[in-house]
Amino acid sequence: MKKIHKICCIGAGYVGGPTMAVIASQCPEIDVTVVDINQSRIDAWNQQDLDKLPVYEPGLKEIVEKTRGTNLFFSTEVDAAIDAAEMIFISVNTPTKTYGKGKGQAADLKYIELCARNIAKVAKTDKIVVEKSTLPVRTAEAVKSILDNTGNGVNFEILSNPEFLAEGTAIDDLLKADRVLIGGDDTPSGLEAKATLSWVYEHWLEKDRILQTNVWSSELSKLVANAFLAQRVSSINSISALCEKTDANVAEVSRAIGKDSRIGPKFLSSSVGFGGSCFQKDILNLVYIAKSFGLPEVADYWEQVIIMNDYQKRRFAENIIATLYNTVSGKKIAFYGWAFKKDTNDTRESAAIYVADALLDEQAEIVVYDPKVSAEVIYNDLDYLNTRSPEENRRLLKVVSNPMEAAKDAHAIAILTEWEEFKTYDWKKIHEHMLKPAFLFDGRRILDKQEMDAFGFKFYKIGEA
Ligand code: UDX
Ligand code: UDX
């Protein structure tokens, strides 16, 4: 097995940044360079003020502080970093296609292809190329073909090494990974490449947590893991609707079924719907792949997980409208939280975006408070939907930096993200600031019904009658 001293990672995003910071901190003899075509992102990673890193993750800034400038580097010199590295991680984004064949479902692989072509052009020595981005099955084959046909005659080994970190717990997930998956060819050079990547992870993980598979199993496992997790959330969310019609309580149902060790307690919290960059995209990918292999029943089965998630977001918005006497026009509704979950500043596919869009359609006036998300990001999210003009979005929706200001004279508050700080607020005082009757919609089930009733709120909690 060959040991290496230089790693390069293309893509300084939510995955590339934290993953490389952890590798650098655990492997002091390896120099890790993270490159990105986005100059401002790289500048943000190189900021003196560690509170302004482009990615917020608990524990990240401490690791960056320790390693940056020592064996962790951020740069826009993509070609130089590729040339110098023995192992190259590809961690660029693979958004859902917005055009052409597979529009709305298939992954757009143009950035992956650009990376592969660039590596082929620049590389003058043998490289191990590691796919870190989540990809449809058989992408490695395409990457290999591009590298072999356009390269300078050097040898490329392609590995699939899907990421299982969840945002908000990325550092812990990396340091204490349940498992690491390494897919690659079973040829002698393929086996050696797998062993080399395994050696990197063995710096801090026990060997029995590092699973070696063929490339296709590895690529597919990532999609399936996310599909199974999302399916649990959609399953419990479907039951939340039923609980609201009966006298059942979704938390009690979750607890009861989660105690069955075959089912287990995790990913059974009912919510306003799952978000994030992966769940929806990966399921759509799975659906698209199943369809393209002529398996419509398989495609429909998984698509239902997304249909249920869309229903849950729509149901939450419609309930707000119906409860506020069937009109929210001109009414001030405060949003607590915009991020897709707590402890992250990421808002991709956040339920808040879709709930806001539905309420804005009804001419509601929304005021958003989120402890980590900036106004710029919030407006970008809304503008991206193209439902109304950017001016209209800015006229109807305001962003504030204080939860009390958001609550002032509001008809209703909707909780969209489960930030811990929301639980500690003085809800009695918040109630005093609002118009009466003061409505409170808990889309994350973080507040106590009895307590909120006692303060005088008209309180609704997902999954309870
Ligand atoms: C990405 C993928 O979206 C996801 O499928 C995969 O699981 C992990 O990698 P993430 O890190 O969250 O996730 O994406 P993002 O934060 O958008 O970062 C990607 C970075 O790649 C961006 O900073 C972008 O500027 C950069 N990039 C993109 C390049 O450097 N070169 C390119 O050609 C394209
Ligand atoms: C997910 C996977 O967990 C991770 O392994 C993979 O690498 C990337 O995708 P992430 O999207 O960062 O990670 O967050 P995750 O914690 O999985 O949450 C996804 C969404 O589901 C969030 O919106 C969250 O609020 C929601 N969720 C999660 C629920 O609504 N209920 C639950 O019980 C759990």
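Before reading on, note that the structure itself is shown above.
We now turn to the structure provided with this report. (Residues numbered from 1 in each chain as written. Chains lettered and ligands numbered in written order. Predicted model: local features only at pLDDT ≥ 70, side-chain atom pairs only at ≥ 80, totals over all residues. Heavy atoms only, no water.)

1. Section: the overall build of the protein
Now for step 1: When its secondary structure is counted, the protein shows 19 helices and 14 strands.
Now for step 2: Radius of gyration (C-alpha) of the protein: 24 Å, near the 23 Å computed for a compact globule of 465 residues.
Now for step 3: Overall, the C-alpha framework of the protein stretches about 75 × 50 × 45 Å when taken along its three principal axes.
Now for step 4: Across the 465 residues that make up the protein, the buried fraction comes to 53%.
Now for step 5: The contacts of the protein with a sequence gap of at least 6 include a subset with a gap of at least 24, amounting to 75%.
Now for step 6: Of the roughly 20,600 Å² of accessible surface on the protein, 52% is carried by carbon and sulfur atoms.
Now for step 7: The protein carries 56 positive and 67 negative side-chain charges, and their two centres are separated by 2 Å. (Helix = DSSP H or I, 4+ residues; strand = E, 2+ residues; numbered from the N terminus. Rg over C-alpha atoms; globule rule 2.2 N^0.38 Å. Buried < 20%, exposed > 50% of the residue type's maximum accessible area, 1.4 Å probe, protein only. Contact = heavy atoms within 4.5 Å. Areas by Shrake-Rupley, 256 points an atom, 1.4 Å probe, with all protein chains shown as cover. Lys, Arg positive; Asp, Glu negative; His and termini not counted. Charge placed at Lys NZ, Arg CZ, Asp CG, Glu CD.)

2. What to know about the site of ligand 2
Now for step 1: Inspection of the region around ligand 2 gives 20 residues, with Phe164, Glu167, Ser271, Lys341 and Arg444 positioned closest.
Now for step 2: In the model, an oxygen atom of ligand 2 is placed 2.7 Å from a nitrogen or oxygen of the Glu167 main chain.
Now for step 3: With respect to ligand 2, the side chain of Arg444 contributes an N or O atom lying 2.7 Å from an oxygen atom.
Now for step 4: In the complex, 90% of the free accessible area of ligand 2, which totals 660 Å², lies under the protein chains.
Now for step 5: In terms of residue count, helix H9 (residues 215-245) provides more of the shell around ligand 2 than any other element does, four residues in total. (Near = heavy atom within 4 Å. Polar contact = N/O pair within 3.5 Å; in protein donor to acceptor, adjacent residues only side chain to side chain.)

3. Topic: the environment of Asp442
Now for step 1: For Asp442, the location among the structural elements is in strand S13 (residues 439-442).
Now for step 2: Exposure remark for Asp442: the relative accessible area of 0% places this residue in the buried category.
Now for step 3: Asp442 sits 20 residues away from Ile462 along the chain, and the two C-alpha atoms are 6.4 Å apart.
Now for step 4: Those residues within four positions of Asp442 in sequence are excluded, and the remaining contacts are Phe316, Ile415, Leu447, Phe459, Tyr460, Lys461 and Ile462.
Now for step 5: A distance of 2.7 Å separates a polar atom in the side chain of Asp442 from the backbone nitrogen of Arg445.
Now for step 6: Within the local environment of Asp442, its side chain forms a polar contact with the backbone nitrogen of Leu447, the two atoms lying 2.8 Å apart.

4. A few points about the pairing of strand S9 (residues 332-336)
Now for step 1: With five of five residues buried, S9 lies mostly within the body of the structure.
Now for step 2: In S9, alternate side chains face the same way, and those of Lys332, Ala334 and Tyr336 on one face and Ile333 and Phe335 on the other are all buried.
Now for step 3: As paired elements, S9 and strand S10 (residues 365-369) share five bridges and run parallel to each other. Among the inter-strand pairings, Ala334 is bridged to a residue of S10, identified as Val367.
Now for step 4: Taken together, S9, helix H13 (residues 351-361) and S10 form a β-α-β motif whose crossover is right-handed.
Now for step 5: In this sheet, strand S12 (residues 412-415) lies alongside S9 in parallel orientation, the contact comprising four bridges. Bridged to Ile333 within S12 is Ala412. (Pairing = 2+ DSSP bridges. Right-handed = clockwise from strand over helix to strand, strands pointing away.)

5. What about empty space enclosed by the protein?
Now for step 1: Scanning all chains against the criterion turns up one cavity of 30 Å³ or more.
Now for step 2: Along its surface, the largest cavity is lined by Glu131, Ser133, Thr134, Leu135, Ser160, Asn161, Pro162, Ser218, Glu219 and Lys222.
Now for step 3: For the lining of the largest cavity, the element with the highest residue contribution is H9, accounting for three residues. (1 Å grid on protein atoms, 1.4 Å probe; cavity = no way out; pocket = protein on both sides within 12 Å on 5 of 7 lines; lining within 4 Å. Points joined across faces, edges and corners; volume = space filled by probe spheres on them.)

6. Considerations on the site of ligand 1
Now for step 1: The environment of ligand 1 is formed by 18 residues, the closest being Asp36, Arg41, Thr134, Lys281 and Arg348.
Now for step 2: The side chain of Asp36 places a nitrogen or oxygen atom 2.5 Å from an oxygen atom of ligand 1.
Now for step 3: At 3.1 Å from an oxygen atom of ligand 1 is found a main-chain nitrogen or oxygen belonging to Ile37.
Now for step 4: Protein contact buries 91% of the 690 Å² of open area that ligand 1 shows by itself.
Now for step 5: Class assignment of the residues belonging to the shell around ligand 1 gives a composition of six nonpolar, eight polar and four charged. (Nonpolar A, V, L, I, M, F, W, Y, C, P; charged D, E, K, R; others polar.)

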